[in-house]
Amino acid sequence: MLVIISQGEANPSRNKQKVIKTLLKKTITKIKSYLIIMLAISILSGCNLFRFSPYDDDLQTDVRNSNKKNISKILTILSETSTDSFAFALISDSHSDYDDLHDVVKWINNNKNIKFTLFLGDQTDFGLKFEFENTLKELKELNIPFITIIGNHDYLSQGKSLFEKLYGETNFTFSAGSNKFICFDNIVWENNNKKPDFEWLRNELNYHSGNIFLLSHIPEESEPMSDYRLEYNSLIEDIPNLYRFHGHTHRFRDEWPKLTTCEITKKIIPVIYVQGSAVYYSIEECE
Amino acid sequence: MKSMNKAMILIIILQRVIYADSFFSKLIPDHIVTQFAGNQGIISSGIGYSHELFKRETNTKIMYGFMPESIAGTDIHIFCLKRSTCINEYKLGALSVKTSLKLSVLLSITENTYISWPEHFPEGYYFPNAFHLQPSLGFSFNFNPSSNINLNNVWIYTDLGILDMHLYHSIKTDRINILGNINLSLGLVYYLQDLYSGDDV
């Protein structure tokens, strides 16, 4: 400062400029520090800022065992209308395409004849908790109950245990009137190359006289099922009134009574109609 | 107490001997670091090297963090390589502030997470899912109010980071808010440099 004053005596206008520059610099520095402090406070005041690992299972949602709760809701809805005459939608493979899932959810909400939705697996890319949370956020916007089954991508990392926390068991069944829904976990490679629980499936397929809807993520013609194709086919070949729904391939295939859904981005939604023992379907395009 | 002093003297002698050799001196870190959160486990610690790149102070840190099964559902081991470049530095009285751009490479060893996938997967079926990148903006602070206590070597820092997948999702979709995916970490750096150069710490 002394130097500036002594120089100022020699050239007053230069001195003024220097003083102004110094003041400006100091002010900018102060503003910067205030901004940093403000930013730090505003960020710290938010929640969920400290993240420890994308692989942990610390879910930021209270939703637990949602499939069981939604099955109860489905049964309540159907008991108010009819347990033998209803429609449901099939979706799958949304991965991280949340915009498209959002559009599909809106479309389903606008179709009042659809009573519930079945999600046929692969709601994540890498089975990470924030992927499950993001998908769940979209699915929760459905005005109707939804049931989800596990996909191969959902198995990665801690995906299986996250799925079990959020949705419940990966092999489960439920019945609506004379219609039985069998949700079968047939993931092989991502499940340490383990054989699917065909014994459980055999027991569930037997002794049911009404319609059976078998939902599993991977269709038997896909590569992961190659070692078990014959066993699976032998289980299902003589079952009457069996309808099978799959995801995984990202390509829509109509082999009625078997349907393979496509990825959510294509926005093609099979809607299944049940009327007594008759089951038929329509393929809807949502735009 | 005497044995402690002897041990300290031995460590200092060893450090000076190693430091005298130019090859080994490059292997000796000039700072140690410990961090809370930031997708590196609850607490991660490691060593760091400072150097100058394009006339800017640059740091490379190698860190290890851990999350036990009781907290994370499964054991998670996290190895991190963090590179930072100082973009701005200024003083406010006794407070020094550095702003840095950082990039971390995170390798997590945990359940169903791979660098190379097991043999039963066809080649290229999945990308390796054990690696993540995390860019961040860091603010480091050093406060040295008194000439009696030298705190020049102790810096605390906070990083505002975003994981690659969060960033990707935020860009890809309107349904994800980028601000909701920013994570915060807090850390402490202790510079050892003066110990080697013989200056008082």
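Data block above holds the structure.
Rules of the game
- Residues numbered from 1 in each chain as written.
- Chains lettered and ligands numbered in written order.
- Predicted model: local features only at pLDDT ≥ 70, side-chain atom pairs only at ≥ 80, totals over all residues.
- Heavy atoms only, no water.
- Core = buried A, V, L, I, M, F, W, Y, C linked by side-chain atoms within 4.5 Å.
- Buried < 20%, exposed > 50% of the residue type's maximum accessible area, 1.4 Å probe, protein only.
- Contact = heavy atoms within 4.5 Å.
- Patch = residues over 30% accessible without salt bridge, like charges linked within 9 Å, V, L, I, M, F, W, Y side chains within 5 Å.
- Areas by Shrake-Rupley, 256 points an atom, 1.4 Å probe, with all protein chains shown as cover.
- Salt bridge = Lys/Arg side-chain N within 4 Å of Asp/Glu carboxyl O.
- Lys, Arg positive; Asp, Glu negative; His and termini not counted.
- Charge placed at Lys NZ, Arg CZ, Asp CG, Glu CD.
- Helix = DSSP H or I, 4+ residues; strand = E, 2+ residues; numbered from the N terminus.
- Pairing = 2+ DSSP bridges.
- Axes fitted to C-alpha atoms, helices over the stretch in contact; angles between N-to-C directions.
- Phe/Tyr/Trp six-rings, centres within 6.5 Å; stacked < 30°, edge-to-face > 60°.
- Polar contact = N/O pair within 3.5 Å; in protein donor to acceptor, adjacent residues only side chain to side chain.
- Right-handed = clockwise from strand over helix to strand, strands pointing away.

A.B. asks: Even after reading the chapter, I still don't get the nonpolar core, so can you show me in this structure?
C.D. replies: Among soluble globular proteins, nonpolar side chains are generally buried collectively. Residue and element names in this part refer to chain A. Judged by nonpolar contacts, the single largest core of 52 residues is most densely connected at Ile91, Ile108, Leu201 and Leu205. If we ignore the near neighbours within four places in the chain, the residues touching Leu205 are Ile182, Ile212, Leu235, Ile236, Ile239 and Leu242. Of all hydrophobic cores here, the second largest spans 24 residues; its members include Ile74, Ala176, Phe181 and Phe213.

A.B. asks: Whenever I open this one, a positive patch on the surface confuses me. Can you help?
C.D. replies: The grouping of A:Arg14, A:Lys18, A:Lys21 and A:Lys25 at the surface amounts to a positive patch. Mapping A:Arg14 onto the fold places it in helix α2 (residues 12-45).

A.B. asks: Would you take a moment to explain the environment of A:Glu141 for this structure?
C.D. replies: With respect to the helices, strands and loops of the structure, A:Glu141 is situated in the loop between α5 (129-139) and β3 (146-148). Separated by 82 residues in the primary sequence, A:Glu141 and A:Glu223 place their C-alpha atoms 34 Å from one another. Setting aside its immediate chain neighbours within four residues, A:Glu141 contacts A:His102, A:Val105, A:Asn109 and B:Arg175.

A.B. asks: I keep staring at the sheet that holds strand β4 (residues 172-176) of chain A and nothing clicks. Help me out?
C.D. replies: Paired through backbone hydrogen bonds, the strands of a sheet run either parallel or antiparallel to each other. Residues and elements named next belong to chain A. Here we have 6 strands laid out as an open sheet, ordered β4-β5-β6-β7-β9-β8, and mixed in their pairing. Lying at the two open borders of the sheet, with one neighbouring strand each, are β4 and β8 (253-255). If you compare each strand with its neighbour and ignore which way they point, the axes differ by 15 degrees on average. Alignment of strand β5 (residues 179-184) against strand β6 (residues 211-216), held across 6 bridges, turns out to be parallel. Residue pairing across strands places Asn179 opposite Asn211, the latter belonging to β6. Seen against the sheet, helix α7 (residues 198-205) touches β4, β5, β6 and β7 (242-246) and runs at an angle of roughly 175 degrees to β5. Against the sheet, helix α8 (residues 229-236) contacts β6 and β7, and its axis sits at roughly 145 degrees relative to β7.

A.B. asks: Looking at this structure, I do not really get the side chain of B:Ser104. What am I missing?
C.D. replies: Structurally, B:Ser104 is set in strand β5 (residues 95-109). In this view, B:Ser104 contacts B:Gln40, B:Cys80, B:Leu81, B:Lys82, B:His132, B:Leu133 and B:Gln134; residues no more than four positions away in its chain are not counted.

A.B. asks: Can you walk me through the packing of aromatic side chains in this structure?
C.D. replies: Each pair of aromatic rings is reported with the distance of its centres and the angle of its planes. All names here are of chain A. Following the criterion strictly, the structure yields 30 aromatic pairs over all chains and no others. Relative to Trp200, the ring of Phe184 lies with its centre 6.2 Å away and its plane at 10 degrees, an arrangement referred to as stacked. Of this pair, Phe184 sits in strand β5 while Trp200 sits in helix α7, placing them 16 residues apart in sequence. The class for Phe184 is buried, based on a relative accessible area of 1%. Where Phe198 meets Tyr228, the ring centres are 6.0 Å apart and the plane angle is 50 degrees; that geometry is what we call tilted. Within this pair, whereas Phe198 is found in helix α7, its partner Tyr228 is found in the loop between β6 and α8, the two being separated by 30 residues in sequence. For the residue pair Phe198 and Tyr228, the accessibility class agrees, reading buried in each case. Through successive ring pairs, a cluster of aromatic residues spans Phe86, Phe88, Phe116, Phe174, Phe181, Phe213, Tyr243, Phe245, Trp256 and Tyr281.

A.B. asks: I would appreciate a short explanation of the environment of A:Ser53 in the present structure.
C.D. replies: Structurally, A:Ser53 is set in the loop between α2 and α3 (66-80). The residues touching A:Ser53, leaving out its near neighbours within four places in the chain, are A:Lys129, B:Asn39, B:Met67, B:Ile76 and B:Ile78. Polar contacts involving the side chain of A:Ser53 include one to the main-chain amide nitrogen of A:Tyr55, which spans 3.0 Å.

A.B. asks: What's the story with the pattern of salt bridges in this structure? I'm lost.
C.D. replies: Two side chains of opposite charge can pair, provided their charged atoms sit close to one another. Residues and elements named next belong to chain A. In total, this model carries 21 salt bridges over all chains according to the counting rule given. Between Lys267 and Asp103 there is a salt bridge, with the nearest N and O atoms lying 2.8 Å from each other. In this pair, Lys267 sits in the loop between β9 (258-260) and β10 (268-275) while Asp103 sits in helix α4 (residues 98-110), placing the two residues 164 residues apart along the sequence. In this structure, Lys266 engages Glu263 in a salt bridge whose closest nitrogen and oxygen atoms are separated by 3.3 Å.

A.B. asks: Even after reading the chapter, I still don't get unusual backbone geometry, so can you show me in this structure?
C.D. replies: Generally, phi is negative for residues other than glycine and the peptide bonds are trans, each holding for most cases. All names here are of chain A. Following Trp256, the chain continues into Pro257 via a peptide bond in cis, with omega recorded as 15 degrees. Tracing the backbone shows Pro257 in the loop between β8 and β9. Here the phi dihedral of Tyr207 falls at roughly 60 degrees; this positive angle occurs in a residue that is not glycine. Tyr207 sits in the exposed class, given a relative accessible area of 82%.

A.B. asks: What should I look at first to understand the pairing of β5(A) in this one?
C.D. replies: Side-chain positions along a regular strand alternate between the two faces of the sheet. All names here are of chain A. Extensive coverage of β5 is indicated by the burial of 6 of its 6 residues. Neither face of β5 is exposed, since Asn179, Phe181 and Cys183 on one face and Lys180, Ile182 and Phe184 on the opposite face are all buried. Of the pairings in the sheet, the one linking β4 to β5 comprises 5 bridges and is antiparallel in character. The residue bridging Ser175 from the neighbouring strand is Lys180, located in β5. Hairpin connection of β4 to β5: 2 residues between the antiparallel strands, including Gly177 at a positive phi of 60 degrees. At this point the chain moves from β5, through α7, to the parallel β6, and the crossover so formed is right-handed.

A.B. asks: What's the story with the sheet that holds strand β2 (residues 114-119) of chain A in this structure? I'm lost.
C.D. replies: All names here are of chain A. Reading across the sheet, the 5 strands line up as β3-β2-β1-β10-β11 and stay open at both edges, with mixed pairing between neighbours. A single partner strand is all that each edge strand has here, and the edge strands are β3 and β11 (278-285). Strand-to-strand twist across the sheet, computed as the mean angle between neighbouring axes with direction ignored, equals 25 degrees. As judged from the 8 bridges shared by β10 and β11, these two strands associate in the antiparallel manner. Within β11, the residue paired with Ile268 across the bridge is Glu285.

Without other data, these values stay purely geometric and don't point to any function.
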